[in-house]
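A structural walkthrough
Residues per chain, in single letters:
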Amino acid sequence: MKPSPLSPRTPLPGTVPCLTTDPTFVGRVGELEQIRRIMTSEHRAHGVLVAGPAGIGKTRLLHEAQGLAGDRRTVSLHGRADVASAASGGTASRPHGAPPAIPATARALTELLGSLERPRAGSWLVSVDDADLLAPALLPLLNEAARHPSVKLLVSVTSDGTALPPGIRALWCDSGLVRMDLRPLEAADVKQLTDSLLSGGLGQSSAARLARMCEGNPRLLLEVTRAAVEQRMVTRAEGSWHFTDARLPLPVSVLEMIDPELGALSQADREILELVALAGEPRLASVEMFCDALRLERLEQRNLLRIVEDAGDGPGRPRVRIAHALIRHALSCSLPALRRRRLLRDWLDAHGPAELIEHDDCLRLAHWHLDALETPPRELLDRAIEQSLREQALPSAVQLTKAGWQHYPTRAAAELHARALTAAADFEGLASFVTGVRSRGPAYAHALREAEARGLFLQGRYAELHTVLPQLPEGEQAYYRMVSDYFQGRFARARAGAEALRRNGPEAHALEAGLIMMGSMCHMGLPRQALSLYHTLRAELERTPGGPTRFHADSLEELHASALHYCGRLDEAEGIYWREYTQALEKYHVRVEAQRGLALGHLLYDRGIIEGSLKCATFTSSYRVGWRQWQVKAGIHAALAATALPADRRPADPLPEGLTMDEAGHCAVFLAVVRARRHHEQGEPRAATRILHDAVTAAMAEGAHADAVTGLHECARLALPGPGVAHTELHLEGAFLVARADYVWAYEASDPRLMGEAAATFAELGAFLFAAEAYAEQARLHERLGSAKAATAATAQARELLLRCGPVETPPLRFLGRPAPLSHRERTIAGLASRGLQDKEIAERLCLSVRTVGNTLSRVYRKIGAANRRELQLLMTCADGAT
């Protein structure tokens, strides 16, 4: 059951992992903007003091801030360099009788103060990294420089929540610096940084492990990745990199950073920290069993331990956490195996099994047993496996179910491990496991048939799936036929199958059948009916303890937002999408995050926020989940967003290599739009028309009227003839879908009034790009009718709406606001000429004579006031039209 290969079109070169030389700067945009305002203002504070724990990103922020210096002359000082210089050039290395060396920082500050006393000293930016390591005698010099009116000061200090040293505190207060305490990176920023570390990106499980481990500390994330590369602990598979070991490496640089903190600890204090690090985040009551309250207080006062009150366990059940991610990682990774086992055994022996289950969650407890090389009790292991699957902790689910099969080999244990491998998209591991289990006898083989069916389905191997289905119970057959129909775009059949399954099928599939019904209704143009069904399903879910656990059953709120989206309630839909996406991101639920991100990207595209949509759909570690449906959807939606951007902002082609319309399945209409636009840009309108007509015909045959109106709308946007679908043939619910249909009828009827109504509806709903296009088309229609004043008003509306979209470039927006309208042929030829094609090449593509092309371009130049192709390219973009 080897998964089908699927990767971005551009192959990733090389088989040796390569760290990026300049990781992405993320998560500090607000801080950087605040620094910019302080630096550019003559009346604001004298500078900024950046504080935070080691590795939090202070040095990188100062580096980025120096790029904002403008005309200011920059002096960059480093306290750590002075310490290193003093350590290597002490009195022992000086010739006898020679004066002590003056630190570089002291020389630079002295020279700066001398320069400030001269006339026309100019303005200066003084950047001091690790100012807490400077000699105390230098701080008055720095203070004097900071108070000079022509100097702005940027200072970073390492502070783990404790008070600043007196000299730094005086510098902060006396110089009037703005203090900026850096917090750990948010989950979204960690994700973005993780994706940028290795050329080719990390696989989803490895990315999630790194993100969870670093706790928002970018230095730790970078150093661990660097150590993994240097120690050859990463391997390439399915177009991305994966960690090969169960534990991540401990970089020497991290040990050097934390050695001053840990070196002064007593053995007893260090052992408490080691135990807390191994346990993850144990309850305070459990930790107090190993040490007295005074010892814990001392560790807390040194900012080594922190009490967490809001750990999700309810009031009165606080947990204990290592305060710094660097220390936690170093302690948990540096322990020898026997010491690690002894500490965990001591921890487990101090509690009875029932007490452990009561006072700590089962997932963590089961891992303690395994880390201590102990066999977890059967009841504990079963509950831990259930928790790992429910919480989408897929690496844990694989590890625990494997232990369950090894220690308690039953049919149920085999099914659970197969299910975990499927959820983690380890289809090669699943195939190997199934082969091994089947050798034990036919009873085990029968138990794994459903796992095999699920694996085939998630790889998009539908033909093979249908050969396996007859071996399953009737209810399971109906379930897999239903979901495969949905993901192949057969929405009418999927809806009918879901209705039958809800009436007569296994109760375990009732909720999922309702979800498939909701999704089918949205594609069929019936979002109001989907909303009505949502309330029924929500009530069913609340009556089911623990909720459903199978594929797609965590999608109820996503489908709720999708129904709101198609109804035209875009603000409500976006709020739900962001909430669900953020929750998945913060919990490191990588597959769920990918699913939510794609849905959010689709909504942002329909709102006209194209760069935001592309960011959600870009091929990152989130989509390397091995589930073909999600990876295909990611590539299609990324390509769709890219086609609406100016040519210089488009990424490399994100479509999977050799993707067919059948493989696109439930995203087939969007793939048709992408390919039609590409043909249209290349001057092949007939091919574009044929692709869209085929997509609309296929959608109508399946009753997918929302998909059909997408194709019809695209025909009108590209000024292509429609497929002849009558208005009465479409059955649509919701203002958004109706507005798309109205645009089509207005374009075909050349009716500016109806086009204006569609534009106003789009604008009211928040679909800003569609609204701007409709107003641009309305202006063109008014121009043809000689209504110059109305055309000007519509153009102004379009330009105002485009300000909300960011950079976009679509055919309806070309030549926006030009006084003389162009015909469809003129716009097509102008578009090809603006991309550098010569008259002969254009003539060959459009089956015209070279003379016709030349005459047409001459008319275009006269109408829009262009002298050559360069000016033509500038005039036809919406960005120029909106200025």
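Residues numbered from 1 in each chain as written. Predicted model: local features only at pLDDT ≥ 70, side-chain atom pairs only at ≥ 80, totals over all residues. Heavy atoms only, no water.

Brief notes about the overall build of the chain
Tallying secondary structure elements over the chain gives 46 helices and nine strands in all. By sequence separation, contacts in the chain at least 24 residues apart represent 70% of the contacts at least 6 residues apart. Accessible area for the chain stands at about 38100 Å²; split by element, carbon and sulfur atoms hold 52% of it. (Helix = DSSP H or I, 4+ residues; strand = E, 2+ residues; numbered from the N terminus. Contact = heavy atoms within 4.5 Å. Areas by Shrake-Rupley, 256 points an atom, 1.4 Å probe, with all protein chains shown as cover.)

A few points about helix α40 (residues 768-784)
Compared with an ideal rise of 1.5 Å per residue, which puts 17 residues at 24 Å, α40 spans 25 Å between its outermost C-alpha atoms and is within 8% of the ideal. Of all 17 residues in α40, 15 are buried; the element is thus mostly enclosed. (Expected span 1.5 Å × (residues − 1). Buried < 20%, exposed > 50% of the residue type's maximum accessible area, 1.4 Å probe, protein only.)

Here we look at the pattern of salt bridges
Tallied over the entire structure, the rule returns 41 salt bridges. Residue Arg-461 pairs with Glu-464 through a salt bridge whose shortest N-O separation is 2.8 Å. On the basis of relative accessibility, which here comes to 18%, the residue Arg-461 falls in the buried class. Classification of Glu-464 as partly exposed rests on a relative accessible area of 37%. Residue Asp-751 is joined to Arg-753 by a salt bridge in which the shortest nitrogen-to-oxygen separation is 3.9 Å. What makes Asp-751 partly exposed here is its relative accessible area of 21%. Using a relative accessible area of 52% as the deciding quantity, one classes Arg-753 as exposed. (Salt bridge = Lys/Arg side-chain N within 4 Å of Asp/Glu carboxyl O.)

What about helix α10 (residues 252-263)?
Residues Ser-253, Val-254, Ile-258 and Leu-262 constitute the buried set of α10. Down the axis, α10 shows its buried residues gathered within 165° of arc, on one side only. α10 presents Val-252, Glu-256, Pro-260 and Gly-263 as exposed residues on the side facing more than 90 degrees away from its buried surface. (Arc of directions from axis to C-beta.)

Quick look at the packing of aromatic side chains
Scanning the model with the defined rule gives ten aromatic pairs in all. The structure contains a cluster of three or more aromatic residues connected by ring pairs, namely Phe-457, Tyr-462, Tyr-486, Phe-487 and Phe-491. The ring of Trp-172 is capped by Arg-179, whose NZ or CZ atom sits 5.1 Å from the centre of that ring. Above the ring of Trp-241, the side-chain terminus of Arg-236 is found at 5.4 Å from the ring centroid. (Phe/Tyr/Trp six-rings, centres within 6.5 Å; stacked < 30°, edge-to-face > 60°. Lys NZ or Arg CZ within 6 Å of the ring centre and 35° of its normal.)

So, the packing of helix α19 (residues 394-407) against helix α20 (residues 411-423)
Between α19 and α20, the least distance of the axes is 8 Å, while the angle of their chain directions is 155°. One finds that α19 runs roughly antiparallel with respect to α20. In the packing of α19 onto α20, the handedness of the crossing is left-handed. Of the residues in α20, those touching α19 at Leu-394, Ala-397, Val-398, Thr-401, Lys-402, Gly-404 and Trp-405 are Ala-413, Ala-414, Leu-416, His-417, Ala-420, Leu-421 and Ala-423. Considering only residue class, the contact of α19 with α20 consists of ten nonpolar, three polar and one charged. (Axes fitted to C-alpha atoms, helices over the stretch in contact; angles between N-to-C directions. Parallel < 35°, antiparallel > 145°, perpendicular 65-115°, else oblique. Left-handed = near helix turned anticlockwise from the far one by under 90°. Nonpolar A, V, L, I, M, F, W, Y, C, P; charged D, E, K, R; others polar.)

Regarding the environment of Arg-825
Tracing the backbone through its elements, the reader meets Arg-825 in helix α42 (residues 824-834). When the C-alpha positions of Arg-825 and Leu-846 are compared, they lie 9.5 Å apart, and in sequence the two are 21 residues distant. Setting aside chain neighbours within four positions, we find Arg-825 in contact with Leu-848 and Thr-852.

Quick word on the packing of helix α11 (residues 267-279) against helix α15 (residues 337-349)
Running from amino to carboxyl end, α11 crosses α15 at an angle of 80°, the nearest separation of the two axes being 10 Å. Between α11 and α15, the angle falls in the class roughly perpendicular. Across the interface between the two elements, Gln-267, Glu-271, Glu-274, Leu-275, Leu-278 and Ala-279 from α11 touch Arg-339, Arg-340, Arg-342, Leu-343, Leu-344 and Trp-347 from α15. For the contact of α11 with α15, the per-class residue count stands at six nonpolar, one polar and five charged.

Overview of the sheet that holds strand β5 (residues 177-181)
The strand order across the open sheet formed by five strands is β2-β3-β4-β1-β5, and the pairing between neighbours is parallel. The sheet terminates laterally at β2 (73-78) and β5, the two strands that pair on one side only. Averaged over all pairs of adjacent strands, the angle between strand axes in this sheet comes to 15°, irrespective of strand direction. Relative to β5, strand β1 (residues 47-52) runs parallel, the two being bridged by five bridges. Paired with Ala-51 across the bridge in β5 is Asp-181. Sheet strands touched by helix α2 (residues 58-66): β1, β2, β3 (124-129), β4 (151-158) and β5. Its angle to β4, the strand with the most contacts, is close to 165°. (Pairing = 2+ DSSP bridges.)

Notes on the side chain of His-369
Topologically, His-369 is positioned in helix α17 (residues 362-371). Every residue in contact with His-369, bar those within four places of it in the chain, is listed here: Leu-348, Glu-374, Thr-375, Pro-376, Pro-377 and Leu-380.

Side note on the state of the cysteines
If you walk through the whole model with that rule in mind, you get zero disulfides. We note that Cys-522 lacks a disulfide partner, and the nearest cysteine sulfur, in Cys-567, lies 7.7 Å from it. For Cys-522, a relative accessible area of 2% translates into the label buried. (Disulfide = S-S within 2.5 Å.)

A few points about the confidence of the model for the chain
Residues at a pLDDT of 70 or more form 88% of the chain, whose mean pLDDT is 82. Here helix α46 (residues 878-881) is the element of the chain with the lowest mean pLDDT, 40, and helix α37 (residues 705-717) is the one with the highest, 96. Ignoring residues within four places in sequence, the model shows residues 1-13, a span with pLDDT below 50, making 42 contacts including any to other chains. Overall, residues 547-552 carries pLDDT values under 50, and its contacts beyond four positions in sequence, including any with other chains, amount to 22 contacts. (pLDDT = per-residue confidence, 0-100.)

Details of the nonpolar core
Among the nonpolar cores identified, the biggest contains 147 residues, and Tyr-480, Ile-636, Leu-730 and Phe-762 are the most heavily contacted of them. No other element matches the ten residues that α40 contributes to this core. (Core = buried A, V, L, I, M, F, W, Y, C linked by side-chain atoms within 4.5 Å.)

Looking at the environment of Leu-585
In this structure, Leu-585 sits in helix α30 (residues 570-586). For the pair formed by Leu-585 and Ala-188, sequence separation is 397 residues and the distance between their alpha carbons is 6.6 Å. Not counting residues up to four positions away in its chain, the partners in contact with Leu-585 are Ala-187, Ala-188, Lys-191 and Glu-593.

Observations regarding the pairing of β3
Extensive coverage of β3 is indicated by the burial of six of its six residues. Residue alternation in β3 divides its side chains into two sets, Trp-124, Val-126 and Val-128 and Leu-125, Ser-127 and Asp-129, and both sets are buried. One ladder, built from six bridges, connects β2 with β3; its direction is parallel. If you follow Val-75 over to β3, its bridge partner there is Val-126. In this fold, the crossover linking β3 to β4 by way of helix α5 (residues 139-146) has right-handed handedness. (Right-handed = clockwise from strand over helix to strand, strands pointing away.)

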